[in-house]
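Now for the letters of each chain:
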Amino acid sequence: MTDTAGRPLGTGRGPGSSATGDGLIRRRRRRRLRNSALGAAALLLAAGGAGWAGYARLSANITSDEAAAAELARYERERPTALVRDAQNILLIGSDTRAGEANREYGKGITGQRSDTTILLHLAADRTSATAVSLPRDLMVHIPSCRKEDGTRSDPVFAMFNHAFEVGGSACTIRTVEKLTGIRVDHHMVLDFAGFKRIVDAVDGVEVCLEEPVDDKAAKLRLPAGRVTLNGEQALGYVRARKSLGNGSDTERMERQQRFLGALVDKVRGDDILLNPVKLYPLLDAATSALTTDPELASLRGLYQLARGLRDIPTEQVRFLTVPRRSYVYDANRDQLVEPEAEKLFGRLRADQPVAVSQENSQEVPRDVTGAGGPDGPSPAPTFRGYTAVEHTCA
């Protein structure tokens, strides 16, 4: 008997190639693993007519941060150890770089790059909750010696947190965060101004609610009071504005960014974008084009595996907060950590234990939020000022 190609069955060209032997079993196993890894993203693309060419294009969009990977590998021995299997910590970095035509319009004469926004996102091992912690750019921290773009190395310095990204890029920022928190950073993503705008436009805008009209010439932002759907350009001005919104502090701006991210999560989930190929492809195209990530995430497959862990987390269990901070004792325009509250937060994230958030500064702990306890039962989770993805800026 022969197969469809005219070859005798069971007489393949090498070990394991028999149609009825171990080779076929191994090939089928590999196919199953490959298909499950590609997951729904690839299937949705095919259903939408994009097919594998679209999948390859999206994967190729992502920039792999090889330089950061090499630098982190050099310091592997001094990096924190992950304490809980399957828990994940992703550092999200918003870069204020003016490189490229699309970013140049946001600041004439400004060179280099700084971390305009940095968020440490913790995904619980069982994927029942996610906690996003904003790290102030003005926070005074110890920055280690880092490799600069020209190949030389910087000296260790006590400086503002966003200086780490300026001097040594994402690797320097990651090492600074790890030394500050004791938390192992598993992955990172860097997003610039233009990329942020593309993502917002890809979901047809994000709705926010403004208590007062906004007229900010510096941010190029003019908005009426009430519910407003922001396009990409408006959204960028909204999350970056300082003088015209709130009290002008960086803390208030971080809270606004957190609320906006919560609204973005609501938009993506509420419109079933992840289940609609026609809506999903533009979002994937915008997101992949906008991102620079660690090599493990630098493919559609890698991003899908990450997103798969996020899709079933209830929005009320997606929490946003800012690390406990206050004005730096030697400079009111800088920040420092509030202890022991900050270490309490970092310790719970390291141990993958829950935290609670409240819009009030109250220390009261919700009874239904608990962590690992001692002989007297579970210990209550500390409450920090923050928001969940279901909370909106106005009723």
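Being a predicted model, the structure only gives us computed values, none of them experimental.

J.: Got a minute to help me understand the state of the cysteines in this structure?
T.: In a disulfide, the sulfur atoms of two cysteines are covalently bonded to one another. Under the criterion given, the structure shown has one disulfide. Sulfur-sulfur distance for the disulfide between Cys 146 and Cys 172 comes to 2.1 Å. The disulfide joining Cys 146 to Cys 172 has a torsion of about 75 degrees about its S-S bond and is therefore right-handed. Here Cys 146 is found in the loop between strand S5 (140–143) and strand S6 (157–160), whereas its partner Cys 172 is found in helix H5 (residues 163–181), with 26 residues between them in sequence.

J.: Before we go on, may I ask you to explain the pairing of strand S15 (residues 331–337) in this structure?
T.: Consecutive side chains along a regular strand alternate between the two faces of the sheet. In the sheet, strand S14 (residues 325–328) pairs with S15 via four bridges, with the strands oriented antiparallel. Residue pairing for S15: Arg 325 is matched across the bridge by Leu 337. Hairpin remark: S14 followed by S15, antiparallel, with two residues in the connecting loop.

J.: Is there a simple way to think about unusual backbone geometry in this case?
T.: Glycine aside, negative phi is the norm for most residues, and most peptide bonds take the trans geometry. Of the consecutive residues Glu 339 and Pro 340, the connecting peptide bond is found in the cis state with omega at 10 degrees. Relative to the assigned elements, Pro 340 resides in the loop between S15 and helix H11 (341–350). Even without a glycine there, the phi angle at Asp 86 is positive, about 80 degrees.

J.: Looking at this model, I keep getting lost on the environment of Leu 264. Mind explaining?
T.: Inspection of the secondary structure assignment puts Leu 264 in helix H8 (residues 250–270). Distance in space between the C-alpha atoms of Leu 264 and Val 200 is 8.0 Å, their sequence separation being 64 residues. Apart from the residues within four sequence positions on either side, Leu 264 is in contact with Val 203 and Val 206.

J.: It is not clear to me how the pattern of salt bridges should be interpreted in this structure. Could you clarify?
T.: It is possible for side chains bearing opposite charge to pair when their charged atoms get close. Scanning the model with the defined rule gives 11 salt bridges in all. With a closest N to O distance of 3.7 Å, Glu 76 and Arg 79 form a salt bridge. Take Glu 76: its relative accessible area is 35%, and that puts it in the partly exposed class. Arg 227 serves as the salt-bridge partner of Glu 207, at 3.4 Å between the closest nitrogen and oxygen. Taken as a pair, Glu 207 in strand S8 (residues 206–210) and Arg 227 in strand S11 (residues 226–230) lie far apart in primary sequence, 20 residues in all. Taking relative accessible area as the criterion, Arg 227 reaches 49% and is therefore assigned partly exposed.

Conventions adopted
Residues numbered from 1 in each chain as written. Predicted model: local features only at pLDDT ≥ 70, side-chain atom pairs only at ≥ 80, totals over all residues. Heavy atoms only, no water. Disulfide = S-S within 2.5 Å. Helix = DSSP H or I, 4+ residues; strand = E, 2+ residues; numbered from the N terminus. Pairing = 2+ DSSP bridges. Contact = heavy atoms within 4.5 Å. Salt bridge = Lys/Arg side-chain N within 4 Å of Asp/Glu carboxyl O. Buried < 20%, exposed > 50% of the residue type's maximum accessible area, 1.4 Å probe, protein only.

Honestly, that's just the spatial picture; any functional story needs more than this.
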